[in-house]
2 protein chains.
Amino acid sequence: MISYLEKFKEYLKSKGLKFTPERKIILEEVFLIHTHFDSEILYKKICGRTKKISRATIYRTLPLLTDSELIKEVLQQNGRAYYEHIFGHGHHDHLLCVKCGRVIEFYNKNIEKLQERICNEYDFSPTDHKLGIRGYCKKCKK
Amino acid sequence: MISYLEKFKEYLKSKGLKFTPERKIILEEVFLIHTHFDSEILYKKICGRTKKISRATIYRTLPLLTDSELIKEVLQQNGRAYYEHIFGHGHHDHLLCVKCGRVIEFYNKNIEKLQERICNEYDFSPTDHKLGIRGYCKKCKK
DNA sequence: GTTTTAATTGAGAATCATTCTCAATTAGAA
DNA sequence: TTCTAATTGAGAATGATTCTCAATTAAAAC
Ligand SMILES: [Mn+2]
Ligand SMILES: [Mn+2]
Ligand SMILES: [Zn+2]
Ligand SMILES: [Zn+2]
């Protein structure tokens, strides 16, 4: 049971990068947030909770966390990139309510299998995928 | 068999908007392009082929074409939005090669059905969806 | 056809997320 | 402790997209 902290440290070491206090703070904040977040949400939470870290550093760290498979970019909306932490969580896809913004996560093994089959057909070697279904949630469909 | 031109005209009329020469040119160019395109590609093709239309007008027209279901935003990459025309074409999803950029279109009825089932489970009323599988295409997997 | 008016256009400014620059700092190997 | 390449913060730069506004025009009403 390797921790996200160890995983990040190993990743950094493997790339000849340093484990800095700023990176530690960002990493920890990312795993305190249990919803989708963008760089600004992260920036404000860190400023409020710990110490000020520049936006530049946050923007520089997000790709490191993505490369090390600790977080994932889940969607782009209004020109902003949204992320979620994925370490310790199973893969899932999303239902997105276009009215209230609610996000529902789901997982369907058969869809995953069918995707594999399609990749085989096209001789395509998948690394990851995103399935987002937009529409109206229970409450918003009236 | 209504044409895309008629469909756009009807949409504009229904919204109290005008059918202008600029909108006609943009519409026609969009249906001459049979790949994914962004605003810049569209801008340059129009400048080269017909007459100069300002970027502002192109940016203002793309949402009209989207709302009228003539085109669809297929993905966002490098901060740019990519579209494809969908009028007259069946729904499909995409395999995206992360190395060479190749885009493969596919359609799988069973995946579509499973999505409907999931929406039912969550009492969710879908409007549209996007499934993008990233990875390495036949040529790039070596 | 003429009038009327709200919609549209182009040019450039503004916005805003993200990236870049660079001087000062620092992690971590030796 | 020393050494050096990596990192940081502040602010400038970038670049896609949106906005502003004066001049133009589609098309409804006459
Ligand atoms: Mn999620
Ligand atoms: Mn396509
Ligand atoms: Zn909702
Ligand atoms: Zn390829």
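Since this is a predicted model, take the numbers as computed values, not measurements. For every chain, the first residue of the written sequence is number 1, and numbering continues from 1 along that sequence. Lettering for chains starts from A, numbering for ligands starts from 1, and both go in the order in which the items are written. With the structure being a predicted model, the display of local features is reserved for residues of pLDDT at least 70 and the display and counting of side-chain atom pairs for 80 or more, all residues being used for whole-chain, interface and lining totals. The side-chain values count all of the structure's non-hydrogen atoms but skip hydrogen atoms and water molecules.

Draft legend 1. Representation of the coordination of the zinc ion (ligand 3). Residue and element names in this part refer to chain A. Each metal's donors are the N, O and S atoms found within 2.8 Å of it, except that Na, K and Ca use a 3.2 Å limit; water is left out, so coordination can look incomplete. Within the protein, the zinc ion (ligand 3) binds to C97 (SG), C100 (SG), C137 (SG) and C140 (SG); these donor distances fall in the range 2.2 to 2.4 Å. Four donors are marked tetrahedral only if all angles between them lie between 85 and 135 degrees, whereas four are marked square planar and six octahedral if opposite donors are more than 155 degrees apart and the other angles lie between 65 and 115; the remainder are marked irregular. Coordination at the zinc ion (ligand 3) comes from four donor atoms whose angles at the metal span 102 to 113 degrees, giving a geometry best classed as tetrahedral. Between the donor residues of the zinc ion (ligand 3), the gaps in sequence give the motif C-x2-C-x36-C-x2-C. Here the residue C100 occupies a position in the loop between β3 (93-97) and β4 (103-106), and C140 occupies one in the segment after β5 (125-136), the gap between them amounting to 40 residues. The class for C100 is partly exposed, based on a relative accessible area of 44%. Think of it this way: any DSSP run of H or I at least four residues long counts as a helix, any run of E at least two long counts as a strand, and we number them from the N terminus. Partly exposed describes any residue whose relative accessible area lies between the buried limit of under 20% and the exposed limit of over 50%, with all areas from a 1.4 Å probe on protein chains only and scaled to the type maximum.

Draft legend 2. A look at the sheet that holds strand β4 (residues 103-106) of chain B. By the convention used here, strands pair only if DSSP detects at least 2 bridges between them. Spatially, six strands are ordered β4(A)-β3(A)-β5(A)-β5(B)-β3(B)-β4(B) in an open sheet, and the strand pairing comes out mixed. The sheet is open, and its two borders are formed by β4 of chain A together with β4 of chain B, each paired with just one other strand. Going across the sheet, the axis of each strand differs from the next one's by a mean of 20 degrees, ignoring polarity. Relative to strand β5 (residues 125-136) of chain B, β5(A) runs antiparallel, the two being bridged by eleven bridges. The residue of β5(B) that forms the bridge with Y136(A) is S125(B). Residue contacts follow a heavy-atom distance rule, with two residues in contact if any of their heavy atoms lie within 4.5 Å. Axis lines are fitted to C-alpha atoms, over the contacting stretch for helices. Their N-to-C directions set the angle, which ranges from 0 to 180 degrees. Relative to the sheet, helix α5 (residues 109-121) of chain A contacts β3 and β5 of chain A together with β3 (93-97), β4 and β5 of chain B, its axis offset from that of β5(A) by approximately 130 degrees. Against the sheet, helix α5 (residues 109-121) of chain B touches β3, β4 and β5 of chain A together with β3 and β5 of chain B, its axis set at about 130 degrees to β5(B).

Draft legend 3. Here's a closer look at the domain arrangement of chain A. Residues and elements named next belong to chain A. Throughout the structure description, domain borders are defined by an automatic or database domain assignment. The domain boundaries assigned to chain A delineate domain 1 (4-85) and domain 2 (93-135). Here the C-alpha centre of domain 2 lies 24 Å away from the C-alpha centre of domain 1. Counting residues at the interface gives six residues for domain 1, matched by seven residues for domain 2. When two components associate, each loses some accessible surface as probed by a 1.4 Å sphere; the sum of these losses over both components is called the buried area. Taken together, both faces of the contact between domain 1 and domain 2 bury some 480 Å²; the carbon and sulfur share is 50%. The salt bridge partner of E73 is K130, with a shortest N-O separation of 4.0 Å. Definition of a polar contact: a pair of N or O atoms within 3.5 Å, with one able to donate and the other able to accept a hydrogen when the atoms are protein atoms, and with sequence-neighbouring residues admitted only if both atoms are side-chain atoms. At the boundary of domain 1 and domain 2, one finds three residue pairs in polar contact (both at pLDDT 80 or more). Looking at the side of domain 1 that touches domain 2, the element that brings in the most residues is strand β1 (residues 71-77), giving four residues. Under the scheme applied here, ten amino acids are nonpolar (Ala, Val, Leu, Ile, Met, Phe, Trp, Tyr, Cys and Pro), four are charged (Asp, Glu, Lys and Arg), and all others, including Gly, are polar. Its residues assigned to classes, the side of domain 1 that touches domain 2 shows two nonpolar, one polar and three charged. What counts as a salt bridge is simple: a side-chain nitrogen of Lys or Arg found within 4 Å of a carboxyl oxygen of Asp or Glu.

Draft legend 4. Just α5(B), in detail. Expected span of a helix, by definition, is 1.5 Å for each gap between consecutive residues, and there is one gap fewer than residues. With 13 residues, α5(B) ought to run about 18 Å at 1.5 Å a step, and its terminal C-alpha atoms sit 19 Å apart, in line with that. Residues of α5(B) that are buried include every one of I111(B), E112(B), L114(B), Q115(B), I118(B) and C119(B), and no others. For α5(B), the buried positions fall inside an angular range of 160 degrees around the axis, keeping them on one side. Turned more than 90 degrees away from the buried face of α5(B) sit K109(B), E116(B), R117(B), N120(B) and E121(B), all of them exposed. Looking at the buried positions of α5(B), the neighbouring elements they touch are β3, β4, α5 and β5 of chain A together with β3 and β5 of chain B. Where α5(B) begins, the side chain of N108(B) points an oxygen toward the backbone nitrogen of N110(B), at a separation of 3.0 Å. At the exit of α5(B) stands D123(B), carrying a positive phi of roughly 55 degrees. Of all possible arcs, the one meant is that of the directions from the helix axis to the C-beta atoms.

Draft legend 5. Fine view of the confidence of the model for chain A. In the predicted model, chain A carries a mean pLDDT of 95, and the fraction of residues at 70 or more is 100%. For chain A, the element scoring lowest by mean pLDDT is β1(A), at 93; helix α4 (residues 55-67) of chain A scores highest, at 98. The quantity called pLDDT is the predictor's confidence in a given residue, expressed from 0 to 100.

Draft legend 6. Just the protein's contact with DNA strand D, in detail. In the vicinity of DNA strand D lie 22 residues, with T20(A), R23(A), T57(A), R60(A) and Y59(B) positioned nearest. A molecule or strand has a residue near it when one of that residue's heavy atoms lies within 4 Å. For DNA strand D, the fraction of protein-proximal atoms (within 4 Å) that sit in sugar or phosphate groups is 70%. The contact in question runs from a phosphate oxygen of DNA strand D to an N or O atom on the side chain of T57(A), over 2.2 Å. R60(B) is positioned such that a nitrogen or oxygen atom in its side chain is 3.4 Å from a base oxygen of DNA strand D. Elements that contribute at least two residues to the surface near DNA strand D include exactly α2 (21-30) and α4 of chain A together with α4 (55-67) and β2 (80-85) of chain B. Split by residue class, the surface near DNA strand D holds eight nonpolar, six polar and eight charged.

Draft legend 7. Summary view of the coordination of the manganese ion (ligand 1). All names here are of chain A. Within the first shell, the manganese ion (ligand 1) binds the protein through H36 (NE2), E84 (OE), H92 (NE2), H94 (NE2) and E105 (OE), at distances of 2.0 to 2.6 Å. Mapped onto the sequence, the donors of the manganese ion (ligand 1) take the spacing H-x47-E-x7-H-x1-H-x10-E. Of the two residues, H36 is situated in the loop between α2 and α3 (39-49) and E84 in strand β2 (residues 80-85); the sequence distance between them amounts to 48 residues. Taking relative accessible area as the criterion, H36 reaches 16% and is therefore assigned buried.

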